[in-house]
Amino acid sequence: GRPHYLFERAHAMPGRNLVGLECKQRWVDAAIRRQQRSGPTNVLACLGDAWALFPALFDDGAVAGVHLNFPDPWWKKRHGKRRLVDASFVDDLASRLAPGGFVFVQTDVHDLLAEILGLLEANSAFDNPAGAGQCCLENGMAARSHREKKCIALGIPVFRAGVTRL
């Protein structure tokens, strides 16, 4: 999505490299323009489908954390196969994350979060520090996505969860 979150995280964590995966050209272009204007240098925006990019870009155990901000819910049942998080993607997350690494998910669709959290918790590589099926109340990531800011402004609840790699 819009690169707000990516750049807020980059400024909060200057010693870390951050990679934003996005399937819409306009948001990748916006990130590139912003980086060229004002930095920071620890950001890379990549255009493409995360299903293909994530396992291709990162070696096993090389990723410290993954942020999934407001993934498309794909409401219709027949479109469910288009959702980013499925059992195969969870396996990719588990293999690429370093021990102690995390997956942080936030959305304004409670049922989607419950589904994603269920998939993550079903994989024995992950632990939910809040307890099985439990959500986080706050975004502790020192950044807010455009959608998160909009939801907060409109009084729309935001649902969050996180798991760690064992």
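A quick note: this is a predicted structure, and the numbers were derived from the prediction, not measured.

Chemist: Pulling in residues and values, what's your account of the overall build of the protein chain?
Modeler: Per the secondary structure count, the protein chain includes 6 helices and 6 strands. Each helix (α) and strand (β) of the protein chain, taken in turn from the N terminus, gives the series α-β-α-β-α-β-α-β-α-β-α-β. Taken over the C-alpha atoms alone, the protein chain extends approximately 45 × 40 × 30 Å along its principal axes. Considering the protein chain as a whole, with its 166 residues, one finds that 40% of them fall into the buried category. Across the protein chain, the fraction of contacts at a sequence separation of at least 24, relative to all contacts at a separation of at least 6, is 79%. If you sum the accessible surface of the protein chain, you get close to 9,200 Å²; carbon and sulfur atoms cover 54% of it.

Chemist: Any details on the packing of helix 3 (residues 50-57) against helix 4 (residues 87-96)? Residues and values, ideally.
Modeler: Closest axis-to-axis distance for the helix 3/helix 4 pair is 10 Å, and the angle between their directions is 20°. The angle between the axes of helix 3 and helix 4 places the two elements in the roughly parallel class. When the axes of helix 3 and helix 4 are compared, the crossing they make is left-handed. Mapping the contact onto sequence places A50, W51, F54 and P55 in helix 3 and F89, D92, L93 and R96 in helix 4. Residue composition of the contact of helix 3 with helix 4, grouped by class: 6 nonpolar, no polar and 2 charged.

Chemist: Summarise the environment of L84; cite the residues concerned and give the values.
Modeler: Its place among the elements puts L84 in the loop between strand 3 (63-69) and helix 4. On the basis of relative accessibility, which here comes to 21%, the residue L84 falls in the partly exposed class. For L84 and I116, which are 32 residues apart along the polypeptide, the C-alpha to C-alpha distance reads 9.5 Å. L84 has contacts with A50, W51, L68 and F89, leaving out every residue within four places of it along the chain.

Chemist: Let's hear about the side chain of E148: which residues, and what values?
Modeler: Along the polypeptide, E148 turns up in helix 6 (residues 146-154). Dropping the residues within four chain positions of it, E148 is found in contact with F70, Q106, N139, A143 and R160.

So, how was this worked out
- Residues numbered from 1 in each chain as written.
- Predicted model: local features only at pLDDT ≥ 70, side-chain atom pairs only at ≥ 80, totals over all residues.
- Heavy atoms only, no water.
- Helix = DSSP H or I, 4+ residues; strand = E, 2+ residues; numbered from the N terminus.
- Buried < 20%, exposed > 50% of the residue type's maximum accessible area, 1.4 Å probe, protein only.
- Contact = heavy atoms within 4.5 Å.
- Areas by Shrake-Rupley, 256 points an atom, 1.4 Å probe, with all protein chains shown as cover.
- Axes fitted to C-alpha atoms, helices over the stretch in contact; angles between N-to-C directions.
- Parallel < 35°, antiparallel > 145°, perpendicular 65-115°, else oblique.
- Left-handed = near helix turned anticlockwise from the far one by under 90°.
- Nonpolar A, V, L, I, M, F, W, Y, C, P; charged D, E, K, R; others polar.

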